[in-house]
Amino acid sequence: MKKTKKNKDCFRINESANERILTPILPLTLTNANAYDKQLATTKVVTDCSKITLDFAEANLMDFDSYLVIFINRIRQFAKEKNVEFAISGLPSDRRNFVDLFSRKITSELPEQENNSSIGRYIENLGKKFQKMWRDSYLLIEFTGNLLIALVKMPFQMKKVRWKDFPFHFNAAGVNAVPICLLIVFLIGVIMGYQGALQLHQFGADIYNADLVGIAIARELSPLMTAILVAGRSGSAFAAEIGTMKVSEEIDALTTMGIDLYQFLVLPRVLAVTFSIPFITALADLSGIIGGLFASLTTLNITMNGFIVELGTALTYAHVFSGIIKSMLFGFLVASVGCFRGLQASGGAESVGKFTTAAVVTGVLLIVLSDSVLTFVLQVLGI
Amino acid sequence: MNSEPIIKVENVTVRYDDRTILEDVSFNINRGEIFMIVGGSGCGKSTMLRQIIGLETPVEGRIYIDGENICAARGKQKKEILKKFGVLFQSGGLFASMTLAENIAIVLETYTDISQECMAELIDMKLASVGLRGYDGFLPSEISGGMKKRAALARAMALDPMILCFDEPSSGLDPVTAASMDAIIREMNSALGTTMVVVSHDLEGVLTTAHNVIMLDKSVCGIIAQGDPRKLKAENKNPIVHSFFNRIAE
């Protein structure tokens, strides 16, 4: 042996003309992994030699873990790169079993993997996204078709629809949503009343605040806000409920039992929301108008009587019923999308969460989209 | 080597409200053995395991893990005891939103400060040890049930624990995959010397894999037989034990 290089902590290297003997000092554990890695990075382990030996005769092997295998593999790799012979000595048989088990498996061949370039991967991902969008659209069309068929068949197969669930969903989606809907639309009425008052007062048209608030609330804001709240409450609940049923194979069980999913699950929910939402909207109309009245009375020089008389002349049945009918359409869309997204879930909890979010987002998007179309159509029809 | 049992269960009683599941149960698990807890459905096998791994605390009794009472341990002390365990749950318990590599990395990040490079090597090694090399980027939803269990085992082994616990490792698996899980348990036990605590009702696995078993039964809320499963099969006269080990309908 020519000389002994003492590296103060983890391992030491004894050098001779042709051989380097590396002796670990600290236990080969994950706790010491960083110290070993640091020393390996700053030490030329394999230079000017034809053989490297890892000697465990003096090593503390009472305490060891998977880092033992990683360390041996690193030294083995160094030796391989420099084309130097590699040997291990002084490793007890039980530790050797441990090393062999992991080393044998870690050097096994990797399963074949596609090795695309980054542009290739980008195009592949883009393609996958379009494929997903196409599949989503296809599934939505399929769902809509099935739902319409179930609706058409419903009068002839009344017994097959699970009416037992209707009151429950009517209560959960409708009655329980009343307080929050009234509060929100009342506040919207107040905001609308204050904003209208500010502008109209400049022209001495204080009394027309009643027209502004009444028509805006009844035609647009009340159905819109109610539907958005129902989307957040019930659309998400339907998606989560049906999604959980899907991942726990309850939907598969229904299918294999020959039970129509649309009659059993979808129709009770969709009908409950469609027929409960007009009542909420009607109450919300009243609440919003009271909010507007409150704002007008506190900021403008008008009386309650004057506000009500003016509202009576401005607000027609067409305004009120167009809002209520619109709300039924919104309710139908929100509940359908909730059920649709729930049925799309697969895999596990993560998927249910993803499709619950998608149910709310798609629901709100469809509400606003259909409202825009209806507003235009009703305008053209002069309603 | 320390000859003291690695797990000592002393007079453990478990009750849910007024329903007694286990009463005054005591047994020891020796270092490096494959120990199985067997019995019919509802006899308290999984409940016993949940007490051992500290997920629940028995209403009475003590459980010593390598000399420390897990029932009385709190905070840092309990965390240190938990480091000695790796647990494979019945459904795997993999985090669905994370890849297999991330599932293993979360343990390593919590308990060690190793470099990313070392972590990647370790993850590769652990996945390779259960035959899942190259699957590090897969989500749990993208692999089969048997692969999920193996991936969960790789996660359980991430820190080379002293004790590996398995809750029904072969449930929901086909016989070949179930046998391969048993083979992995035997291989890990002989190569690593890890103590294995297995809850099972897979008779084949019990007879080929276990060194020692306890058999629980709900009629006594406790142990009705213990020892070498092959001897129990051949010699035990208790009708419940006899029915279980010889697959005889009640």
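Our structure is the block above this text.
Worth saying up front: this structure is predicted, and the values here are computed from it rather than measured. (Residues numbered from 1 in each chain as written. Chains lettered and ligands numbered in written order. Predicted model: local features only at pLDDT ≥ 70, side-chain atom pairs only at ≥ 80, totals over all residues. Heavy atoms only, no water.)

J.: Report on the overall build of chain B, specifying residues and quantitative values.
T.: From N to C terminus, chain B includes nine helices and ten strands. Against the compact-globule benchmark of 18 Å for 250 residues, chain B has a radius of gyration of 18 Å, which places it among compact chains. Based on the C-alpha atoms only, the size of chain B along its principal axes is roughly 55 × 40 × 40 Å. Looking at chain B residue by residue over its 250 residues, the buried ones come to 53%. (Helix = DSSP H or I, 4+ residues; strand = E, 2+ residues; numbered from the N terminus. Rg over C-alpha atoms; globule rule 2.2 N^0.38 Å. Buried < 20%, exposed > 50% of the residue type's maximum accessible area, 1.4 Å probe, protein only.)

J.: So what's going on with the overall build of chain A? Which residues, and what values?
T.: Scanning chain A from terminus to terminus reveals twelve helices and five strands. Relative to the globule expectation of 21 Å for 383 residues, the C-alpha radius of gyration of chain A, 36 Å, shows a markedly less compact shape. Along the three orthogonal principal directions, the C-alpha set of chain A runs to about 110 × 60 × 40 Å. Relative to all contacts within chain A whose residues are 6 or more apart in sequence, the contacts with residues 24 or more apart total 78%. Summed over all atoms, the accessible surface of chain A reaches about 20400 Å², with 63% contributed by carbon and sulfur. Between the mean site of the 35 positive side-chain charges and the mean site of the 32 negative ones, chain A shows a separation of 6 Å. (Contact = heavy atoms within 4.5 Å. Areas by Shrake-Rupley, 256 points an atom, 1.4 Å probe, with all protein chains shown as cover. Lys, Arg positive; Asp, Glu negative; His and termini not counted. Charge placed at Lys NZ, Arg CZ, Asp CG, Glu CD.)

J.: If you had to explain the packing of aromatic side chains to someone new, which residues and values would you point to?
T.: Per the counting criterion, the structure on display carries 14 aromatic pairs over all chains. Relative to Tyr36 of chain A, the ring of Phe11 of chain A lies with its centre 6.2 Å away and its plane at 15 degrees, an arrangement referred to as stacked. Pair noted here: Phe11 of chain A is in strand β2 (residues 11–15) and Tyr36 of chain A is in helix α1 (residues 33–42), with a separation of 25 residues, a long-range link. For the residue pair Phe11 of chain A and Tyr36 of chain A, the accessibility class agrees, reading buried in each case. Taken together, a centroid distance of 5.2 Å and an interplanar angle of 80 degrees make the contact between Phe244 of chain B and Phe245 of chain B edge-to-face. (Phe/Tyr/Trp six-rings, centres within 6.5 Å; stacked < 30°, edge-to-face > 60°.)

J.: Before we move on, could you go through the pattern of salt bridges and cite the residues and values that matter?
T.: In this structure the tally under the stated criterion is 17 salt bridges over all chains. Between Arg74 of chain A and Glu121 of chain B there is a salt bridge, with the nearest N and O atoms lying 2.4 Å from each other. With one member in each of two chains, Arg74 of chain A in helix α2 (residues 67–81) and Glu121 of chain B in helix α4 (residues 116–129) form a pair that bridges those chains. Taking relative accessible area as the criterion, Arg74 of chain A reaches 11% and is therefore assigned buried. Taking relative accessible area as the criterion, Glu121 of chain B reaches 23% and is therefore assigned partly exposed. (Salt bridge = Lys/Arg side-chain N within 4 Å of Asp/Glu carboxyl O.)

J.: Tell me about the interface of chain A and chain B, and please be specific about residues and values.
T.: Listed per partner, the contact involves 25 residues of chain A and 26 residues of chain B. Summed over both sides, the interface between chain A and chain B buries roughly 2200 Å², with carbon and sulfur atoms accounting for 61% of that surface. Our count for the chain A to chain B interface comes out at one salt bridge. The interface formed by chain A and chain B includes five residue pairs in polar contact (both at pLDDT 80 or more). When contributions to the side of chain A that touches chain B are tallied by element, the ones reaching two or more residues are α1, α2 and α3 (93–106) of chain A. Looking at which element gives the most residues to the side of chain A that touches chain B, the answer is α3 of chain A, with eight residues. (Buried area = accessible area lost by both parts, 1.4 Å probe. Polar contact = N/O pair within 3.5 Å; in protein donor to acceptor, adjacent residues only side chain to side chain.)

J.: Would you mind going over the pairing of strand β5 (residues 85–89) of chain A in detail, with residue names and values included?
T.: Residue and element names in this part refer to chain A. Of the pairings in the sheet, the one linking strand β4 (residues 51–55) to β5 comprises five bridges and is parallel in character. Bridging from a neighbouring strand, Leu54 pairs with Ile88 of β5. One crossover worth recording links β4 to the parallel β5 by way of α2, and it is right-handed. (Pairing = 2+ DSSP bridges. Right-handed = clockwise from strand over helix to strand, strands pointing away.)

J.: How would you explain the nonpolar core if you had to name every residue and give the values?
T.: Ranked by size, the top nonpolar core spans 84 residues in total, and within it Phe71 of chain A together with Phe245 of chain B carry the most contacts. Of the residues forming this core, the biggest block, eight residues, is contributed by α2 of chain A. Setting aside residues up to four positions removed in sequence, Phe245 of chain B forms contacts with Leu203, Val206, Leu207, Val213, Met215, Pro229, Leu232 and Lys233 of chain B. In this structure, Cys181, Leu224, Val334 and Cys339 of chain A belong to the second largest nonpolar core, which totals 36 residues. (Core = buried A, V, L, I, M, F, W, Y, C linked by side-chain atoms within 4.5 Å.)

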